[in-house]
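So you can see what is in the structure, the chains are spelled out below.
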Amino acid sequence: MLTEHLTYKDSGPPQWGEALYRYCTFDALDDEGLNFTGIMQASTFTRCSFYWGLFNCALLDGVRFVDCTFPGTSFRGVRFMECTFENCRFVLDNLGGDCTIEGSILAACVFDGCVWVTRPEGKRDITNSQFLGCTFRNCRGFEGLG
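Notes on the structure follow. (Residues numbered from 1 in each chain as written. Predicted model: local features only at pLDDT ≥ 70, side-chain atom pairs only at ≥ 80, totals over all residues. Heavy atoms only, no water.)

Looking at the pattern of salt bridges
- Summed over the entire model, instances satisfying the criterion amount to six salt bridges.
- Glu 4 is the partner of Arg 22 in a salt bridge, and the nearest nitrogen-oxygen pair spans 3.2 Å. Within this pair, whereas Arg 22 is found in strand β3 (residues 20-22), its partner Glu 4 is found in strand β1 (residues 2-4), the two being separated by 18 residues in sequence.
- Given the relative accessible area of 25%, Arg 22 is considered partly exposed.
- Measuring nitrogen to oxygen at the nearest pair gives 2.8 Å for the salt bridge that ties Arg 47 to Asp 27. With Arg 47 in the loop between β7 (44-46) and β8 (54-56) and Asp 27 in strand β4 (residues 25-27), this residue pair connects regions lying 20 residues apart in the sequence. (Salt bridge = Lys/Arg side-chain N within 4 Å of Asp/Glu carboxyl O. Helix = DSSP H or I, 4+ residues; strand = E, 2+ residues; numbered from the N terminus. Buried < 20%, exposed > 50% of the residue type's maximum accessible area, 1.4 Å probe, protein only.)

Quick look at the structure:
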């Protein structure tokens, strides 16, 4: 299902799944257990929290995330193309679980003022992923990526 030019405030769309969103705005969502496997183009997320979110096998192209929090969120097999993350926090969930980026490609993405919080042993859960031409400005916890 294609959805274009809609604004969602405080609650997300009735269905995430394999949907296609273009030019949409998402503001102040607090979505626990989100499961998105579709396509997101030229959309903006502001002040959103995705606790245990699953962005698996999704394509995100030109998506902007501003002041968003990702507690224990999973990004497996995701393609991020020219996405922007501004003042975002990738943090542990309430069980101490890290965010996961596995088998993903991040190309020409910008991370500005972001923080990645790791488990006490300090190892990020990032495997078999590529950061191609990404920029990291004023970030903590992203050392060695890109």
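Don't stop here, the text continues.
Side note on the environment of Thr 46
- Considering the arrangement of structural elements, one finds Thr 46 in strand β7.
- Taking the C-alpha atoms as reference points, Thr 46 and Glu 82, 36 residues apart in sequence, are found 17 Å from one another.
- Setting aside residues no more than four positions away along its own chain, Thr 46 makes contact with Phe 26, Asp 27, Ala 28, Val 66 and Cys 68. (Contact = heavy atoms within 4.5 Å.)

Remarks on unusual backbone geometry
- We note that Ala 42 has phi near 45°; this positive angle belongs to a residue other than glycine.
- With respect to the helices and strands, Ala 42 occurs in the loop between β6 (39-41) and β7.
- You will see that Asn 87, though not glycine, has its phi angle at about 55°, which is positive.
- Residue position: Asn 87 is located in the loop between β14 (84-86) and β15 (89-91).

Observations regarding the packing of aromatic side chains
- According to the stated counting rule, one finds 33 aromatic pairs in the structure shown.
- An angle of 10° between the planes, with centres 4.9 Å apart, marks the rings of Phe 65 and Phe 85 as stacked. One end of the pair, Phe 65, is in strand β10 (residues 64-66); the other, Phe 85, is in strand β14, with 20 residues separating them in the sequence.
- For Phe 65, a relative accessible area of 1% puts it in the buried group. (Phe/Tyr/Trp six-rings, centres within 6.5 Å; stacked < 30°, edge-to-face > 60°.)

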